[in-house]
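Fold and contact review
Here is how the chains run, residue by residue.
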Amino acid sequence: MQVEKFYYDNRTVKWFAYAVLFWGVVGMLAGLWAAISLYYPAMNLGLPATTFGRMRPVHTNAVIFAFVGNGIFMGVYYSLQRLCKARMFSDVLSKLHFWGWQAIIATGAITLWMGKTSGKEYAELEWPIDIAIAVVWIIFGINMFGTLLKRRERHIYVAIWFYIATWVTVAMLHIVNSVELPVTLWKSYSWYAGVQDALVQWWYGHNAVAFFLTTPYLGLMYYFLPKAANRPIYSYRLSIIHFWALIFIYIWAGPHHLLYTALPDWAQSLGVVFSVMLIAPSWGGMLNGLFTLRGAWDKVREDPVLKFLVVAITCYGMATFEGPMLSLKNVNAISHFTDWTIAHVHIGALGWNGFLTFGVLYWLVPRMWNTTLYSKKLAGAHFWIGTLGIVLYAVPLYWAGFTQSMMWKSFTDEGQLKFQFLETVTHILPMYIARSIGGALYISGVFIMIYNLAKTAAQGHFVANEAAEAAALPETATTHGRAYWHRWIERRPMQMLVFSLIAVAIGGLIELVPTFLVKSNIPTISSVKPYTPLELQGRDIYVREGCYLCHSQMVRPFRDEVARYGEYSKAGEFVYDHPFQWGSKRTGPDLARVGGKYPDSWHYNHLLDPSSMSPGSIMPSYVWLFDHEIDTVDTYKKIRAMQTLGVPYPEGYAEKANEDLVKQEASIKASLKADKISTGQNKEIVALIAYLQRLGKDIKAAPKEEASADGSNVMGN
Amino acid sequence: MSTLENPFVLVMTGIMVVLLLVIKSLASLLLAAAKRSWKEEQRARAGVLAAAPMISGISDTTFYMLVSIVALEVLVILYLLYNLRVLLTEHSAPKERKSIDYRAIWTKMNRFRPATEESAIDVGHDYDGIRELDNKLPPWWLYGFYATIIFACVYLWRYHVAHSAPLPAEEYRIAVEQAEIKKQEYLKNAANSVDENTVKLLTSPADLEAGKAIFQGTCFACHGKNGEGGVGPNLTDAYWLHGGTIQDVFKTIKYGWPDKGMKSWKDDFSPGQIAQIASYVKSLAGTNPPNAKAPQGTLMK
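For clarity, every value in this text was computed on a predicted model and none was experimentally measured. Counting of residues starts from 1 at the beginning of each chain's written sequence and follows it residue by residue. To read the labels, note that chains go from A and ligands from 1, taken in the order they are written. Since the coordinates come from a predicted model, pLDDT governs what is reported: local features require at least 70, and pairs of side-chain atoms require 80 or more to be given and counted, while whole-chain, interface and lining totals use all residues. Heavy atoms throughout the structure, all of them, feed into the side-chain values; hydrogens and water do not.

**As for the overall build of chain B**
Formally: Going along the chain from the N terminus, every DSSP run of H or I of four or more residues is numbered as a helix, and every run of E of two or more is numbered as a strand. Residue burial is assigned from relative accessible area. The probe radius is 1.4 Å, only protein chains are included, and a residue is buried under 20% of its type maximum, exposed over 50%, and partly exposed in between. Only heavy atoms enter the contact rule, under which two residues are in contact if any of them lie within 4.5 Å. To be clear on the numbers: accessible area is Shrake-Rupley with a 1.4 Å probe, and residue cover counts the displayed protein chains and nothing else.
Helix and strand counts for chain B stand at eight helices and four strands. Its helices and strands taken in sequence order, chain B reads α-β-β-α-α-α-α-α-β-α-α-β from the N to the C terminus. Counting the 301 residues in chain B, one finds 37% classified as buried. Within chain B, contacts between residues at least 6 apart in sequence are counted, and of these 61% link residues at least 24 apart. Accessible area of chain B: about 17300 Å², with a carbon and sulfur share of 62%.

**As for the overall build of chain A**
Threshold: Put simply, the radius of gyration uses C-alpha atoms, and a globule should come to 2.2 Å times the residue count raised to 0.38. Counting rule applied: Lys, Arg positive; Asp, Glu negative; His and chain ends not counted. Here the site of a charge means NZ on Lys, CZ on Arg, CG on Asp, or CD on Glu.
Assigned secondary structure in chain A consists of 27 helices and four strands. Relative to its length of 717 residues, chain A is compact, with a C-alpha radius of gyration of 26 Å against a globular reference of 27 Å. Along the three orthogonal principal directions, the C-alpha set of chain A runs to about 90 × 55 × 50 Å. Considering only residue pairs separated by 6 or more positions, chain A has 83% of its internal contacts joining residues 24 or more positions apart. When the accessible surface of chain A is totalled, it reaches about 23400 Å², and 65% of it is carbon and sulfur. Once the 60 positive and 50 negative side-chain charges of chain A are each reduced to a mean point, those two points are 10 Å apart.

**Considering the UniProt feature "binding site: heme b 1; low-spin" (unreviewed entry) in chain A**
Residue and element names in this part refer to chain A. Stated precisely, the cut-off is as follows: UniProt positions are given in the numbering used here, feature names are shortened, and annotations may be inferred rather than shown by experiment. Here a polar contact is recorded for every N or O atom pair within 3.5 Å, except that within protein the pair must consist of a potential hydrogen donor and a potential acceptor, and residues adjacent in sequence are included only if both atoms are side-chain atoms.
Feature annotation in UniProt assigns "binding site: heme b 1; low-spin" (unreviewed entry) to the following positions: His59 and His346. Across 288 residues of sequence, these annotated residues stay compact in space, with a maximum C-alpha separation of 12.4 Å. Within the fold, histidine 59 resides in helix α2 (residues 52–84). Histidine 59 gets classed as buried once you look at its relative accessible area, which sits at 16%. Along the polypeptide, histidine 346 turns up in helix α13 (residues 339–368). Setting aside its immediate chain neighbours within four residues, histidine 346 contacts His59, Gly351 and Tyr393. A polar contact of 2.8 Å, which involves the side chain of histidine 346, links it to the backbone oxygen of isoleucine 342.

**Focus on the UniProt feature "transmembrane region" (unreviewed entry) in chain B**
Residues annotated in UniProt with the feature "transmembrane region" (unreviewed entry) correspond here to residues 6–33, 63–82 and 140–157 of chain B. As a span, residues 63–82 of chain B carries 100% helix and 0% strand, and end to end its C-alpha atoms are 29 Å apart.

**What to know about the side chain of asparagine 234 of chain B**
All names here are of chain B. Mapped onto the elements, asparagine 234 comes out in the loop between α6 (205–223) and β3 (239–240). A distance of 2.7 Å separates the side chain of asparagine 234 from the side chain of threonine 236, its partner in a polar contact. Of note is the side chain of asparagine 234, whose polar atom sits 3.1 Å from the backbone oxygen of lysine 293. Setting aside residues up to four positions removed in sequence, asparagine 234 forms contacts with Gly227, Glu228, Gly229, Ala292, Lys293 and Gln296.

**Examining the UniProt feature "domain: Cytochrome c" (unreviewed entry) in chain B**
Within the UniProt annotation, "domain: Cytochrome c" (unreviewed entry) is assigned to residues 206–285 of chain B. Taken as a whole, residues 206–285 of chain B contains 51% helix and 2% strand, while its terminal C-alpha atoms sit 19 Å from one another.

**A few points about the environment of lysine 299 of chain A**
Residues and elements named next belong to chain A. The topology assignment puts lysine 299 in helix α10 (residues 297–302). On a C-alpha basis, the gap between lysine 299 and serine 118 in space is 48 Å, while along the polypeptide they are 181 residues apart. Lysine 299 has contacts with Ala229, Asn230 and Leu306, leaving out every residue within four places of it along the chain.

**Overview of the confidence of the model for chain A**
Basically, it comes down to this: Summary of the metric used: pLDDT quantifies the predictor's per-residue confidence within the range 0 to 100.
Mean pLDDT for chain A: 92, with 97% of residues reaching 70 or above. Every residue in residues 709–717 of chain A scores below 50 in pLDDT, and together they form 16 contacts with partners more than four places removed in sequence or on other chains.

**Let's talk about the packing of helix α11 (residues 304–327) of chain A against helix α14 (residues 376–408) of chain A**
All names here are of chain A. Put simply, the test is: Axis lines are fitted through C-alpha atoms, for helices just across the contact stretch, and the angle between N-to-C directions can take any value from 0 to 180 degrees. If an angle is under 35 degrees, it is roughly parallel; if it is over 145, roughly antiparallel; if it lies from 65 to 115, roughly perpendicular; otherwise it is oblique. Crossing handedness: left-handed means the near helix sits turned counterclockwise from the far one by under a right angle, and right-handed means the same turn made clockwise. Residue polarity is assigned by list, with Asp, Glu, Lys and Arg as charged and Ala, Val, Leu, Ile, Met, Phe, Trp, Tyr, Cys and Pro as nonpolar; anything else, Gly included, falls into the polar class.
Between α11 and α14, the shortest axis-to-axis distance is 9 Å and the interhelical angle comes to 15°. Here α11 is positioned roughly parallel relative to α14, judged by the angle of their axes. In terms of crossing hand, the pair formed by α11 and α14 is left-handed. Packed against α11, whose contacting residues are Pro304, Lys307, Phe308, Val311 and Glu322, the element α14 presents Lys376, Ala379, His382, Phe383 and Tyr398 at the interface. By residue class, the composition of the contact of α11 with α14 is six nonpolar, one polar and three charged.

Below is the structure:
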């Protein structure tokens, strides 16, 4: 058998590692900034770009797609070559992939700071960037499958199954969720509306967690853990079962983000039961990791890499146990819209993704620089500070979430709400302070690591092309021991891709298709009318400022929410909402029924200086809305776009839309004038007030029976 | 080096202590709630209508759910503790066990094979030096998986086929009904049950002070710190938009005038509190605060 010589490409891995560190710091600092804004609203320094509503998407996008994203690519480019005994398929594609991804992230961060957003959580980037993401993702795919095709190893290892499932599912999620109609270069409307948009969005959002934060990292665990511990994988058959079960079941669980909303009940129930069934497949990964360490626990005490990996896997186990618990309806009723969810996702992000990335970095850098780690002590300090940071981050937020929810739900004996919304916010501010200290500790750990890695690199010598040799792929496969049926697909990466796609497509199709096609899922309400041109302009401002990141627009059928906000939300109310704005966190009160609750002048004063109307409010001032003018030239394009999406404006309305806009603006200005407030022409504030005053108004005009009908009975009838 | 000086052990211990503290406080919170609800139930039993089982505002199923989550989290901690113990005892010679051998139970639970038999279950794979064993699935994991599948079937059956469990809309209706029963029962025995027909002007300093506190914390945003008006009308002059008697003012606060920007406050304040606010507002007449808004409405004497 002929032995072939070749070289592994370490340079691309090195660049991705640099990107991980750089974007990790950017993303975490953005997070810290946002965390401080919550108890110190003036943190934005009076600038639009640095308000919580814009900082938070920068934080989430930077941490998920830049920090973890580059972490995935770093780990995949390192392990895939070695598991395939082949250099990456094309150095040009590797370069294109690296620089393309960094360009996407940089443009993404800048446009988000500028307020260019599609208004859908974890998919905020606007349509030109969405296209770029698809292109770069395909480049990554070609490079990965090209490498698989020229591999010198007949069977593909479990880590690669996870990489393949990741690639195909993320492609599917991204494309389906990003269907949007461009209006201008940096503005688009989601193709879907209301309930449907919400379902697609959380099918995407939940599975971004599954297939961007979980499956690729499980793949990395399957490579780096046995390497670092020098132990065999505990159970091959557990790998097979938990892999297929995980990808098949995960895709169904999206609706658990929409429990008690206007989503049809049958879809909510599917979200609940599949989340519960997800515990075992998720824990399969944890067990296979921890049990692999059997007989190597003495190493865990000494080796920083293993320490990080063990805590990462433990956090993964905790988060994947907690996730299904939070999907149970009665727990969700308490946890949803509060900081409980935030704590939960950070156990995953800081513990699982963060610590696993750190472990991999501590393992990779000394090897690629052909040296040993500069300081084990510093790595130990990083581990210590990081762990403390996670605990200090999560525990106060668990406490805050539980406390606030209990306060929301408290009634006096006379049947009145016991607390004003604002009281429930000011009550948990100390917890917010503690949490930002936890976050700051975690970041300082990262700085220690960067120093340690830089010192390591400085004392070594970088090996850009690492020599390796392996026998060419033999014609026939030989198997030792018992040959599993699964070996068949392990020789066929393309079939693996197809079967993975089938496994993940089933759940998506069964949930999405009926919601789109069966009319009874979203009973229409005749009094619900399209937004007026001025309201539409105001809504775009609402989306731009990221109001949905603190204010929900979804009154759930709970006694306290109906008492506090009004009649609970119905599916038919959102049919013209491109995109939906239900939100996922209530840092401020729900706004679904805010229309008409306060006079126009109240909103004017409140947006100028929130604490003048609500003393103690943690909302920042939105002074720029009082200077900026809306672009009335875009009104035409916006109405036309809405018509294309099926919003029933009369024929030829786009041309006359600005007439109505001027009329409505005049009436709002007149009402402000009555309260001694005068404002200039076309100011954004007036459009925003118009939108806020519209919220929840239509359903109040609806006939009684129609308004109380909702999708929940469909399954029963 | 003693294992106790090992930072990893210290951190693990730290995490566990914090988690235990959290769980302990969560548990005591729930227990306190349970105790209170038990007392309430005793009281309710005296009445004719028994309210549905509630524990401090959350349904009893939710309560037990939370308790079981706490219990499960305790189990996770115990598992961590076990790992920690393994770390701590690694160096010492195995002691003779007198009581239950947890390690043996754990081994049995997972169907672990002794390390010496490892070569027998090596499937012979070699991926960049990574080998794979063919250990059996941990039975508790497998049966747990089956259990969740059975749970899923029962869940869907109950909610969507048998309809023996309430869907959100139904759940809401039940919650409101029960709250109404509880409220009526309370009001039967309470002196607080004034309404717009029975309300009387309160004059005691304590009531006016209470009214003032609420006014200056809530109403001032629209009506000004001293009732001089702002977004809302001036309350210190003799002009009223919706009537100026104590009954009228009570009604305005209770139901609001939503189309004019005054919201209804009946879900925020009790009838007694609304009477206090209304009386305080009435007491503002003729105080002539600075920056007073021009009169609106009709003159009432």
